[in-house]
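Residue strings, one per chain:
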Amino acid sequence: MNDIFIQLAIILTLSSALGFVIFKLKLPLLIAYVLAGLMLSALIGFDGASSSALSFLPDIGIAFVLFLVGMELDLREIKNYGKQILVAGILQVIITSVLGTFLAQSFGFNTTEAIYIGIGLSFSSTLVVVKLLLDRKELTSLYGKLSLGVLLLEDLIAVVILLVMTSSNLSWSNSLPLSLFFLKVIGVFAAAILLNKYLLSPLFKKVSDSSELLFLTALAWCFSFITLSALLGFSTLIGAFLAGVVLASSPYHFHIQGRIKPMRDFFLALFFVYLGTRVNFAHIVNVYPLILIFASYAVLVKPLIFLLLFGMFG
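As the structure is a prediction and not an experimental result, all values here were calculated from the model. (Residues numbered from 1 in each chain as written. Predicted model: local features only at pLDDT ≥ 70, side-chain atom pairs only at ≥ 80, totals over all residues. Heavy atoms only, no water.)

1. A look at the confidence of the model for the chain
Right, so step 1: On average, residues of the chain carry a pLDDT of 80, and 89% of them reach 70 or more.
Right, so step 2: Across residues 168-173, confidence stays below pLDDT 50; counting only partners more than four residues off in sequence or on other chains, it has two contacts. (pLDDT = per-residue confidence, 0-100. Contact = heavy atoms within 4.5 Å.)

2. Structural notes on the packing of helix 3 (residues 57-71) against helix 7 (residues 126-135)
Right, so step 1: One can describe the packing of helix 3 onto helix 7 by two numbers: an axis separation of 11 Å at closest approach and a directional angle of 60 degrees. Viewed along their axes, helix 3 and helix 7 adopt a mutual orientation that is oblique. For the crossing formed where helix 3 meets helix 7, the hand is left-handed. Taking contact as the criterion, the partners of I62, V65, L66 and V69 in helix 3 are, on helix 7, T126, L127, V130 and L134. (Axes fitted to C-alpha atoms, helices over the stretch in contact; angles between N-to-C directions. Helix = DSSP H or I, 4+ residues; strand = E, 2+ residues; numbered from the N terminus. Parallel < 35°, antiparallel > 145°, perpendicular 65-115°, else oblique. Left-handed = near helix turned anticlockwise from the far one by under 90°.)

3. Describing the packing of helix 1 (residues 4-24) against helix 2 (residues 29-44)
Right, so step 1: It is at 8 Å that the axes of helix 1 and helix 2 come closest, and there the two elements cross at 135 degrees. Taken together, helix 1 and helix 2 sit at an angle that is classed as oblique. Between helix 1 and helix 2 lies a crossing of right-handed hand. Seen from helix 1, the contacting residues are I10, I11, L14, S15, L18, G19, I22 and F23; seen from helix 2, they are L29, I31, A32, Y33, L35, A36, M39 and L40.

4. Digging into the packing of aromatic side chains
Right, so step 1: Taken as a whole and judged by the stated rule, the model has eight aromatic pairs.
Right, so step 2: Centre to centre, the rings of F64 and F223 are 5.9 Å apart; their planes meet at 65 degrees, and the pair counts as edge-to-face. Of this pair, F64 sits in helix 3 while F223 sits in helix 10 (residues 211-231), and the two are 159 residues apart along the sequence.
Right, so step 3: Look at F109 and F294: their rings are 6.4 Å apart centre to centre, the planes differ by 50 degrees, and that puts the pair in the tilted class. With F109 in the loop between helix 5 (82-106) and helix 6 (111-121) and F294 in helix 13 (residues 284-311), this residue pair connects regions lying 185 residues apart in the sequence.
Right, so step 4: F294 sits in the buried class, given a relative accessible area of 12%.
Right, so step 5: Linked through ring pairs, F64, F223, F266 and F267 together constitute an aromatic cluster. (Phe/Tyr/Trp six-rings, centres within 6.5 Å; stacked < 30°, edge-to-face > 60°. Buried < 20%, exposed > 50% of the residue type's maximum accessible area, 1.4 Å probe, protein only.)

5. Focus on helix 7
Right, so step 1: The complete set of buried residues in helix 7 reads T126, L127, V130, K131, L133 and L134. With its buried residues spanning 165 degrees around the axis, helix 7 presents them on a single face.
Right, so step 2: Once helix 7 finishes, K137 follows within two positions and takes phi at roughly 55 degrees, a positive value. (Arc of directions from axis to C-beta.)

6. Re helix 10
Right, so step 1: Counted at 1.5 Å a residue, the expected span for helix 10 with its 21 residues is 30 Å, and the 31 Å between its end C-alpha atoms agrees.
Right, so step 2: The set of residues buried in helix 10 consists of L214, F215, T217, A218, L219, W221, C222, F225, I226 and S229.
Right, so step 3: Backbone geometry just downstream of helix 10 places G233 in the positive-phi region, at approximately 95 degrees. (Expected span 1.5 Å × (residues − 1).)

7. A few points about a nonpolar patch on the surface
Right, so step 1: A surface patch of nonpolar side chains, amounting to about 670 Å² of accessible area, comprises L86, I90, L91, I94, I95, V98, L99 and F102.
Right, so step 2: Tracing the backbone shows L91 in helix 5. (Patch = residues over 30% accessible without salt bridge, like charges linked within 9 Å, V, L, I, M, F, W, Y side chains within 5 Å. Areas by Shrake-Rupley, 256 points an atom, 1.4 Å probe, with all protein chains shown as cover. Salt bridge = Lys/Arg side-chain N within 4 Å of Asp/Glu carboxyl O.)

8. Topic: the pattern of salt bridges
Where side chains of opposite charge bring their charged atoms close, a pairing between them can arise.
Right, so step 1: Following the criterion strictly, the structure yields one salt bridge and no others.
Right, so step 2: Here R136 makes a salt bridge to E138, at a shortest N to O gap of 3.0 Å.
Right, so step 3: Taking relative accessible area as the criterion, R136 reaches 57% and is therefore assigned exposed.

This is how it looks when you write it as structure tokens:
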């Protein structure tokens, strides 16, 4: 099972078979991928963490998804809805965290544990939501754009919260990491704009005569900017998204999208299989009531909060 080709053969065959059934049931294919991971983990003890096929390939799928999403997005539209995204995103995190903390305390968790659970319940998976929107071809809809804006805002808020949590007090020395983070945010946006104006536009114009070279140059830009973002402390999601946003105004972005989309689907399938293999069944019998309660809270209460917040804006 250590051979990467054997692993890929098993993973893709099982995913394809389950995908056929899920597709006939008119359900999202990501369900098939997660089920494939669950079955591999439960039946043959497949460990995604030590798998050569799943050790790094899923991360490439994440990068491709957000890179393509960035290229499909018009920043002017995000700017038009900036106020709604900021207000709804920040208030949702606050309200959901507070209510989630009280919910966790009611089941016997101490204050620290309850706060962690409450905060965790306030965030959503950017990749899962984007995948669903892509499958339904609704990423460019109004609620698709608002959802994406809120999700990316949540990613930034999560980094800020982690920085605050790792500080034992609010002294001047501990406030420096937070101040540095906001400087990095400004820096990475400024770097993206300057690189697009002075480097990417003339570079893509020179390589556009070769379709293959244009494609390779776009990939080089994507992974180079992700690397820069990672060095500055940002996630792959933010780096890949901004790399795509920079190319959104390029006349070649449709060609680049057409070449990357098939690769995206392959790597993304591996990511959701990997998620399935990471589920630990050892203690699930003891905690499944809490899992159901907290999952119901996330699925039922959070949409209601968003409904009320966005309803304020009509």
